[in-house]
Amino acid sequence: MTAPIDAHVRLDTHPTHPSAVQAVVTGSQARIAVLALEAGGWSVVAPGVLVLARIDHEEPYWANDAATHLVAGGITVDITPQLREAIVEEWTWPNYPMPWCTRSEIREVSQQAQKIHDDIQHGQLLIHAHAHDGHTTVAVGTYLHRGGKSVYLHGEDHLRQIADTFDSPAQALLAFEKVHAAEMRPGPAPLTDTEREAIAARSVFDVTTATSAPAPAKPETVPIYLADAGDHDALLDTFLDDHGEFEKWRTWSDDTTHAIHESQTLRIERVHETPAHETAWTVAAYETPVSERMWVLTATGATPAPLLQDLLTHLADGEGWDAALGAPVNERMVTAATRPLSGAGWKHTVDGRWIRWTSSDGNAGIQFDAFAAQHPSQNQATWTLWAGTGPDQGRPTWSITASPQTPSSLLASLAESLAHETGTRQVQQGHAPRTSLASGPPAPAVTAGPSASRSR
């Protein structure tokens, strides 16, 4: 049995970086834990405080891995609830160029890219030149160990790979210049946004920020799409108390509550204890109590309470439930649903089948899928409202989806709320708010880089 070590490690999410993890180490033998964490890629940023900031946004996974090894070595580890939530969160890279890879294989690719990044940062891999091949960044460099092996690097951040090896720096540079002479620039490429963010997260910060008790939460007024999720269950209970025309039903497991209108043609489903990114609300309207759905709307667990309140208020008004059943969405309906956004100065863009309206700060948007709209009977997600990362870039902080036949008046009401209303958000004093533990920017495409010579 491993003897206990007088060292305690508290793992928590980083106060400002969206995916980084911080460790606060205490105890008379704290140095043992610090050395173990440093060996795993953690950086000391203050006495007894370390930060894990990677270029693949997999810090929670590797923090959990570090915790397992520390506990096995006899060190006490405490993981905060918010970090535990991040550890179990499932996410994928959008547009990942190697879709055949499993999650563990993706982590292997990212780990190799992290090793290359660390070798460059620590001066173990000297970059001679870089270029842009039309798709991504390429570079050529030489390891100052490993017998001086020279390498051709392809890709950025979590996709950077060693695509070729050479016997000498001269041979590597000649081959690189032959292919990239016009775009070739000396030295390493400028840091990517991801690299700069990781470096900033590892910067020294006040140790009291990490070790002292958190400052009292201070509410601040923000646009409604940045407001806190609040208590969804209490919101539904209040709605049912105020609107007797809706009857409350519980399922056999008590995991779900149904609110059914007395007409039996409008039903609200609330799934309790739902993770932030999963569907917590489903609203469905029917032509008759026994017919198929006319339209359906869903909302995730992190949807701001004020926005849900506006949704429920609109439903209680009893207007606009029915739609032109089976008729495709036309330009007039789209204009009616989004008119509040135009008046608020939201940016309007068209990208193939997608029409988007984005807030001026870029933190929220509404997307219309023109293709899905042409199949009204299938109840596909035609409208998407979101905050944080857009639906084409990863997992939003929260999202609402709606099918083609969702009434324009309901959509316009939600758009009006997004464009003009505000809510509150609790912010720890001294901590910058995080809107998402997201998957990061879209991965650049990877293509095989040509070479003139290689040795194996």
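The structure displayed is predicted, hence computed values, not measured ones. (Residues numbered from 1 in each chain as written. Predicted model: local features only at pLDDT ≥ 70, side-chain atom pairs only at ≥ 80, totals over all residues. Heavy atoms only, no water.)

Draft legend 1. Highlighting the overall build of the chain. Helix and strand counts for the chain come out as 12 helices and 22 strands. Counting over 456 residues, the chain shows a buried share of 45%. Residue pairs in contact within the chain that sit at least 24 positions apart in sequence constitute 59% of those at least 6 positions apart. Accessible surface computed for the chain: about 21800 Å², of which carbon and sulfur atoms make up 52%. (Helix = DSSP H or I, 4+ residues; strand = E, 2+ residues; numbered from the N terminus. Buried < 20%, exposed > 50% of the residue type's maximum accessible area, 1.4 Å probe, protein only. Contact = heavy atoms within 4.5 Å. Areas by Shrake-Rupley, 256 points an atom, 1.4 Å probe, with all protein chains shown as cover.)

Draft legend 2. Representation of the environment of alanine 129 within the structure. Within the secondary structure, alanine 129 sits in strand 6 (residues 125-132). Residue alanine 129 is classed as buried on the basis of its relative accessible area of 3%. Taking the C-alpha atoms as reference points, alanine 129 and arginine 185, 56 residues apart in sequence, are found 5.5 Å from one another.

Draft legend 3. Quick look at the sheet that holds strand 8 (residues 150-154). The antiparallel open sheet is built from five strands, whose spatial order is 9-8-7-6-10. Looking at strand neighbours, the two that pair on one side only are strand 9 (161-166) and strand 10 (185-186), the edges of this open sheet. Here strand 6 pairs with strand 7 (residues 137-143) via seven bridges, running antiparallel. Bridge pairing links leucine 126 to threonine 142 in strand 7. (Pairing = 2+ DSSP bridges.)

Draft legend 4. Representation of the pattern of salt bridges in the model. Under the criterion given, the structure shown has 13 salt bridges. The salt bridge involving arginine 107 is made with glutamate 58; its shortest N-O contact spans 3.2 Å. Of this pair, arginine 107 sits in helix 4 (residues 103-121) while glutamate 58 sits in the loop between strand 4 (49-52) and helix 2 (59-72); the two residues are 49 residues apart in sequence, bridging distant segments of the chain. Using a relative accessible area of 3% as the deciding quantity, one classes glutamate 58 as buried. The salt bridge involving glutamate 195 is made with arginine 160; its shortest N-O contact spans 3.2 Å. Here arginine 160 lies in the loop between strand 8 and strand 9 and glutamate 195 lies in helix 6 (residues 193-201), a separation of 35 residues in the sequence. Each member of the pair, glutamate 195 as well as arginine 160, is classed as buried. One connected set of salt bridges, linked through shared partners, spans Glu58, Arg103 and Arg107. (Salt bridge = Lys/Arg side-chain N within 4 Å of Asp/Glu carboxyl O.)

Draft legend 5. Molecular detail of the sheet that holds strand 4. Taken in spatial order, the five strands make up an open sheet running 3-4-2-1-5, and their pairing is mixed. Both edges of this open sheet fall to strand 3 (43-46) and strand 5 (76-79), since each of them pairs with a single strand only. Averaged over neighbouring strand pairs, the angle between their axes works out to 30° when direction is ignored. Judged from the six bridges that link them, strand 1 (residues 8-13) and strand 2 (residues 21-26) form a sheet pairing that is antiparallel. Paired with histidine 8 across the bridge in strand 2 is threonine 26. The sheet strands contacting helix 1 (residues 30-39) are strand 1, strand 2, strand 3 and strand 4, and the helix crosses strand 2 at an angle near 155°. (Axes fitted to C-alpha atoms, helices over the stretch in contact; angles between N-to-C directions.)

Draft legend 6. Representation of the pairing of strand 4. Along strand 4, one buried face is formed by Val49 and Val51 and the opposite face, lined by Leu50 and Leu52, is buried too. Sheet topology places strand 2 next to strand 4; four bridges connect them, and they run antiparallel. Along strand 4, the bridge assignment pairs valine 21 with leucine 52. Between the end of strand 3 and the start of strand 4, which pair antiparallel, lie two residues, with glycine 48 showing a positive phi angle near 75°.

Draft legend 7. Inspection of the nonpolar core at higher detail. One finds Ile268, Trp295, Leu297, Trp357, Trp383, Trp398 and Leu418 to be the most contacted residues of the largest nonpolar core, which totals 52 residues. Not counting residues up to four positions away in its chain, the partners in contact with tryptophan 357 are Val334, Thr338, Leu341, Trp346, Lys347, His348, Ala364, Gly365, Ile366, Phe368 and Trp383. Counting residues in hydrophobic clusters, the runner-up holds 23 residues, among them Ile5, Ala23, Ala63 and Leu70. (Core = buried A, V, L, I, M, F, W, Y, C linked by side-chain atoms within 4.5 Å.)

Draft legend 8. Molecular detail of the pairing of strand 15 (residues 279-286). Counting buried positions along strand 15 gives seven out of eight residues, so the element sits mostly inside the fold. Bridge count between strand 14 (residues 266-271) and strand 15: five bridges; the pairing is antiparallel. If you follow isoleucine 268 over to strand 15, its bridge partner there is valine 283. Note that strand 15 and strand 16 (residues 293-300) share seven bridges and pair antiparallel. Its bridge partner being in strand 16, alanine 284 is matched across the sheet by valine 296.

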